[in-house]
There are 2 protein chains.
Amino acid sequence: MKTIAVVGLGLIGGSLAAGLRGFEDYQVTGLVRRQATADYALEHQVVDAVSLDPAAVLPQADVTFLCMNPRQITAYLQEHRSDFKAGSLVCDVCGIKGAILEAAECLPPEVDFIGCHPMAGTEFSGIENSFPTLFRGAHFILTARPESTPEHVALIRRMAAFLGCRDIVCTTAEQHDSIIAYTSQLMHIVAAAVCDDAELFQCRGFEGGSFRDVTRVAAMDVDMWTELFSLNAPALSKVLQRMEDNLHSYRTAIENADVERIHTKLTYSSERKRRMSLPGPGQFTLEALHK
Amino acid sequence: MKTIAVVGLGLIGGSLAAGLRGFEDYQVTGLVRRQATADYALEHQVVDAVSLDPAAVLPQADVTFLCMNPRQITAYLQEHRSDFKAGSLVCDVCGIKGAILEAAECLPPEVDFIGCHPMAGTEFSGIENSFPTLFRGAHFILTARPESTPEHVALIRRMAAFLGCRDIVCTTAEQHDSIIAYTSQLMHIVAAAVCDDAELFQCRGFEGGSFRDVTRVAAMDVDMWTELFSLNAPALSKVLQRMEDNLHSYRTAIENADVERIHTKLTYSSERKRRMSLPGPGQFTLEALHK
């Protein structure tokens with residue numbers, strides 16, 4: 001029996017651990033800091049085994065997933081750089097890749113590292129909100145190092161497939177961080193900015209599906225997202241600038257009551273959206289409502 | 001048997017008609033312009049009866065719902081102002097109320113008018129996408145006239161309850177249009193503006209739930225939303241200005257790499273979101289995924 005160690009059993013770690021139970025000939029061991037989390041994890045079968053002692057788990061683990069906030073991951077890599085098993089694979093699953101791959105350079109050459117980012121989450125945190133199907137239908141982004149072994153890349157692919165991920169997307173840390181600034185970080189700032197509006201609490205009773213959808217992720221994990229935004233500031237501020245410009249362009253057309261311009265702009269935007277035709281969990285909503 | 005006439009069987013009209021079938025001692029008659037829509041409506045039991053002839057339906061209808069685009073509604077009110085049954089109630093269900101209530105002033109005094117706005121919809125259009133449970137859990141906003149009868153207001157309340165709406169919210173046309181600029185129209189422009197980003201098509205494979213949720217409504221009915229935005233331009237441009245300011249404030253904090261400020265802002269925004277704690281269809285998603 002081989003071992004997958006999952007360090008940190010929050011929403012993502014808990015879901016990953018539970019989703020990987022039964023994968024090939026691996027057992028899943030959780031590594032946590034609090035006894036309460038350990039108890040919960042065992043009681044709810046989030047893991048096969050659990051420990052509070054890194055020294056008892058890391059040297060035995062064939063794969064280690066670091067499922068904490070970015071700065072905790074970089075600190076953990078530093079602190080435990082000599083504790084990982086030779087020939088083993090260490091991965092993280094956080095939403096930033098540049099800073100993480102840089103930090104992973106402290107690992108000895110006999111320990112492989114691959115940055116992972118399964119594109120899933122909910123607006124809830126903690127092991128209580130984790131569930132094994134969280135990654136079903138999600139893209140699994142992978143940023144390997146040039147020296148990462150093909151065997152380890154293939155292993156991650158099989159794990160992603162086992163989790164039910166839609167596909168594996170291989171990219172560089174730089175490209176990941178640049179695109180994620182747009183597809184993920186901007187969405188969170190848009191949601192937050194909508195909630196900053198002075199009229200928020202006056203609008204109760206007047207909100208429909210679009211308002212709920214756009215603001216859903218505003219109830220985010222503040223510590224984690226502060227780190228993610230800070231570690232990706234240059235890319236993110238560029239994307240924010242573009243969003244402001246695009247909003248402003250709509251405002252100009254609307255202020256000028258330029259009906260033709262509004263129509264042209266909406267035709268352009270809605271066609272782009274239709275061309276994207278994004279598949280995924282979001283589409284389950286309508287189907288569910290139809291039933 | 002009394003009659004509810006539903007004029008226009010698109011997404012909203014079709015869903016409303018189907019949802020009202022079986023309500024008290026009313027039968028639901030659809031009024032459409034195309035034979036194909038009439039055939040579809042009967043075949044899929046969207047209505048009890050259907051007609052292409054307003055003169056055959058309007059003078060008999062006890063309640064008439066106008067389910068077209070705003071400018072079609074105002075034109076229809078003008079054209080058919082003498083065709084509605086004395087003592088009957090005419091309603092619209094579109095997303096703007098000021099212009100509609102103004103247009104309804106052409107009705108004779110013996111015809112009542114109440115503006116309605118059930119806060120539901122999807123990113124799809126047409127009768128093929130309609131379904132009777134569309135309004136389940138939605139707010140039903142009602143803008144009555146001072147001279148609207150209590151019996152008609154009570155009738156609308158019972159209909160909204162029959163449709164499964166969460167609650168009835170009574171307001172004025174002015175307040176409706178001002179708040180809807182924020183809760184609904186802004187969300188559609190945000191979705192459109194996100195899709196205007198130059199990197200949209202490069203981001204395939206990197207999008208998760210938040211991107212799908214925020215951009216969902218960008219595939220909107222262009223003609224209808226052009227009218228809705230144009231008819232509410234002053235309120236909407238104010239809301240857009242506030243959104244630009246709130247985004248800009250985040251950008252400033254991020255450009256300055258001001259970690260403390262980012263943390264403070266996210267704490268503020270996310271607490272506001274949690275205080276709103278919006279119930280509704282959006283929450284079904286997570287529950288559905290849990291299963």
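Just above sits the structure.
Keep in mind that what you see is a predicted model, and the values were worked out from it rather than measured. (Residues numbered from 1 in each chain as written. Chains lettered and ligands numbered in written order. Predicted model: local features only at pLDDT ≥ 70, side-chain atom pairs only at ≥ 80, totals over all residues.)

**Some points on the relation of the copies chain B and chain A**
Using the following cut-off: The atoms used to superpose the copies are C-alpha atoms, taken from residues with pLDDT of at least 70 in both, and the fit is least squares. Residues are defined as contacting one another if the C-beta atoms placed from their backbone atoms lie within 7 Å.
Here chain B sits on chain A after a turn of 180° about the axis and a move of 0.0 Å along it, with an RMSD of 0.0 Å. Read as a symmetry element, the transformation amounts to a two-fold axis. A high fraction, 100%, of the interface residues of chain B reappear at the interface in chain A, so the copies pair face to face through one surface.

**So, the pairing of strand β2 (residues 26-31) of chain B**
Residues and elements named next belong to chain B. Note the cut-off: Each residue is classified by how many other C-beta atoms fall within 10 Å of its C-beta atom, where C-beta atoms are placed from the backbone; a count of 20 or more means buried, 12 or fewer means exposed, and values in between mean partly exposed. Helix and strand labels come from DSSP, where a helix needs a run of H or I of at least four residues and a strand needs a run of E of at least two; each type is numbered from the N terminus. Here, a strand pair is defined by DSSP locating no fewer than two bridges between the strands. Whether a crossover is right-handed comes down to one check: with the strands pointing away from the viewer, does the path from the first strand over the helix to the second run clockwise; if it does, it is right-handed.
Extensive coverage of β2 is indicated by the burial of 5 of its 6 residues. Here strand β1 (residues 2-7) pairs with β2 via 6 bridges, running parallel. Bridge pairing links Val6 to Gly30 in β2. After leaving β1, the chain enters helix α1 (residues 11-20) and then returns to the sheet as β2, a path that is right-handed. As paired strands, β2 and strand β3 (residues 49-51) are joined by 3 bridges and run parallel to one another. The partner of Leu31 across the bridge, within β3, is Ser51.

**A look at helix α2 (residues 35-43) of chain B**
Residues and elements named next belong to chain B. The test is simple: Along the arc lie the directions from the helix axis toward the C-beta atoms.
Buried within α2 are the following residues: Thr37, Ala38, Tyr40 and Ala41. Seen from one end, α2 has its buried residues packed into an arc of 165°, which puts them on one side. Set apart from the buried face of α2 by more than 90 degrees, the exposed residues are Gln35, Ala36, Asp39 and Glu43. Looking at the buried side of α2, the elements it contacts are β2 and β3.

**Examining the packing of helix α10 (residues 233-255) of chain B against helix α11 (residues 259-276) of chain B**
For any two helices packed against each other, the geometry comes down to the angle between their axes and how far apart the axes lie. Residues and elements named next belong to chain B. Quick reminder of the rule: Each axis is a line fitted through C-alpha atoms, taken for helices only over the stretch in contact, and angles between the N-to-C directions span 0 to 180 degrees. Here the angle decides the label: under 35 degrees means roughly parallel, over 145 means roughly antiparallel, 65 to 115 means roughly perpendicular, and every other value means oblique. Crossings are classed by handedness, with left-handed meaning an anticlockwise turn of the near helix from the far one by less than a right angle and right-handed meaning a clockwise turn. Gly is put with the polar residues, along with every residue not named as nonpolar or charged; the nonpolar set is Ala, Val, Leu, Ile, Met, Phe, Trp, Tyr, Cys and Pro, and the charged set is Asp, Glu, Lys and Arg.
Interhelical geometry of α10 versus α11 gives an angle of 150° and a closest axis separation of 8 Å. With respect to their mutual orientation, α10 and α11 come out roughly antiparallel. Classified by chirality, the crossing of α11 by α10 is left-handed. Contacts between α10 and α11 involve Tyr250, Ala253 and Ile254 from the first element and Arg261, Ile262 and Lys265 from the second. By residue class, the composition of the contact of α10 with α11 is 4 nonpolar, no polar and 2 charged.

**Here we look at the sheet that holds strand β7 (residues 139-144) of chain B**
Residues and elements named next belong to chain B. The strand order across the open sheet formed by 8 strands is β3-β2-β1-β4-β5-β6-β7-β8, and the pairing between neighbours is mixed. One side of each edge strand has no neighbouring strand; the edge strands of this open sheet are β3 and β8 (167-170). Direction aside, the axes of adjacent strands within the sheet are offset by 25° on average. Relative to strand β6 (residues 112-118), strand β5 (residues 89-92) is paired through 4 bridges, and the arrangement is parallel. Within β6, the residue paired with Val90 across the bridge is Phe113.

Take it as geometry only, folks, not as evidence of what the structure does.
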